[in-house]
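# Overview (structure and organization)
Here is how the chains run, residue by residue.
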Amino acid sequence: MKLIGLFDSPYVRRVAVSMRLQGFAFEHVALSVFRHQDQMRKINPLVKAPMLVLDSGEKLIESSFILDYLDGEAAAGKRLIPAEGAARTQIQQHCAIALIAAEKAVQIVYDTKQRPVELSYAPWVARCTEQMHQAFAMLDAQPVSQVLSGGPINQADITSVVALGFARHVHPAQFPIGRYPRLEQLSSCCEALPAFLETPLE
Ligand SMILES: N[C@@H](CCC(=O)N[C@@H](CS)C(=O)NCC(=O)O)C(=O)O
């Protein structure tokens, strides 16, 4: 399989970390949706990342759908979201909050760095910033992850940690140490795992 996109994308990184945790081998094709647009367009005319190209040649897009496919293919006990039941819904909703945190962090970058400064719209940036912090506050208020007591990691853990890592990287002033203490603790624990270390954000 080939995973297209850079690990500085929280969406690409969550897929790569998940694949490593699940034991899927993949070739990483490090193309940027901005700096390698022409090459990217040839593989994915939508110019979005991530894309997972299966060995059959089939191309999958949207990180959540890619991860759902991988969960279906994973070895027994390696699913990151349960196939059914209340835990599935709970982990999916936890992931949804983390994805909103990441999405808002990305939107602030696009609004402040992907367009001329005079075209940036301060009220929109302020709205995204408030939404991003609301999402991180909600993640910080989630029940303590079982990862911290040596339990199995799930997709909500991965996506929350990847979202925080990305947001801290692109908006460092917004994330003084201690702002989201429980999430920071989860992040320190997960970022030390081989699957995360082998998938550096930069
Ligand atoms: N909902 C999508 C979001 C993917 C996404 O927006 N990726 C960014 C990179 S961080 C991208 O492709 N940006 C280029 C664009 O939106 O044109 C997913 O989860 O895969």
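Nothing here was measured: the structure is a model prediction, and the numbers come from that model.

Rules of the game
Residues numbered from 1 in each chain as written. Predicted model: local features only at pLDDT ≥ 70, side-chain atom pairs only at ≥ 80, totals over all residues. Heavy atoms only, no water. Pairing = 2+ DSSP bridges. Helix = DSSP H or I, 4+ residues; strand = E, 2+ residues; numbered from the N terminus. Axes fitted to C-alpha atoms, helices over the stretch in contact; angles between N-to-C directions. Near = heavy atom within 4 Å. Polar contact = N/O pair within 3.5 Å; in protein donor to acceptor, adjacent residues only side chain to side chain. Areas by Shrake-Rupley, 256 points an atom, 1.4 Å probe, with all protein chains shown as cover. Core = buried A, V, L, I, M, F, W, Y, C linked by side-chain atoms within 4.5 Å. Buried < 20%, exposed > 50% of the residue type's maximum accessible area, 1.4 Å probe, protein only. Contact = heavy atoms within 4.5 Å. Phe/Tyr/Trp six-rings, centres within 6.5 Å; stacked < 30°, edge-to-face > 60°.

### As for the sheet that holds strand β2 (residues 27-29)
Taken in spatial order, the 4 strands of this open sheet run β2-β1-β3-β4, and their pairing is mixed. The two strands at the open ends of the sheet, each matched to only one other strand, are β2 and β4 (59-61). Each adjacent strand pair in this sheet contributes to an overall mean axis angle of 20 degrees, direction not counted. Pairing analysis gives 3 bridges linking strand β1 (residues 2-4) to strand β3 (residues 51-53), with the strands arranged antiparallel.

### Concerning the site of the ligand
The ligand sits among Ser 9, Tyr 11, Val 33, Val 47, Lys 48, Ala 49, Pro 50, Glu 62, Ser 63 and Tyr 110. Between the ligand and Glu 62 there is a distance of 3.0 Å, counted from a nitrogen atom to a side-chain nitrogen or oxygen. Between Ser 63 and the ligand, the recorded distance is 2.6 Å, taken from a side-chain N or O atom to an oxygen atom. In the complex, the protein chains occlude 77% of the 510 Å² of accessible area that the ligand would expose alone.

### A few points about the nonpolar core
With 33 residues, the main nonpolar core has Phe 136 and Phe 196 as its most contacted residues. Counting only elements with at least two residues in this core, the list comes to α4 (86-113), α5 (122-140), α6 (155-170), α7 (181-191) and α8 (194-197). Discounting residues that sit within four places of it in the chain, Phe 196 has contacts with Arg 13, Val 17, Ile 153, Ile 158, Val 161, Val 162, Cys 190 and Glu 191. Among the nonpolar cores identified, the runner-up in size contains 16 residues, and Phe 7, Met 19, Ile 66 and Leu 67 belong to it.

### Digging into the packing of aromatic side chains
With the rule as written, the count across this model stands at 4 aromatic pairs. For the ring pair Phe 34 and Tyr 110, a centre distance of 5.6 Å and an interplane angle of 80 degrees mean the geometry is edge-to-face. With Phe 34 in the loop between β2 and α2 (37-43) and Tyr 110 in helix α4, this residue pair connects regions lying 76 residues apart in the sequence. Overall, Phe 34 belongs to the partly exposed group, its relative accessible area being 39%. Note on Phe 136 and Phe 175: the rings are 5.3 Å apart at their centroids and 85 degrees apart in plane angle, and the pair reads as edge-to-face. Of this pair, Phe 136 sits in helix α5 while Phe 175 sits in the loop between α6 and α7, and the two are 39 residues apart along the sequence.

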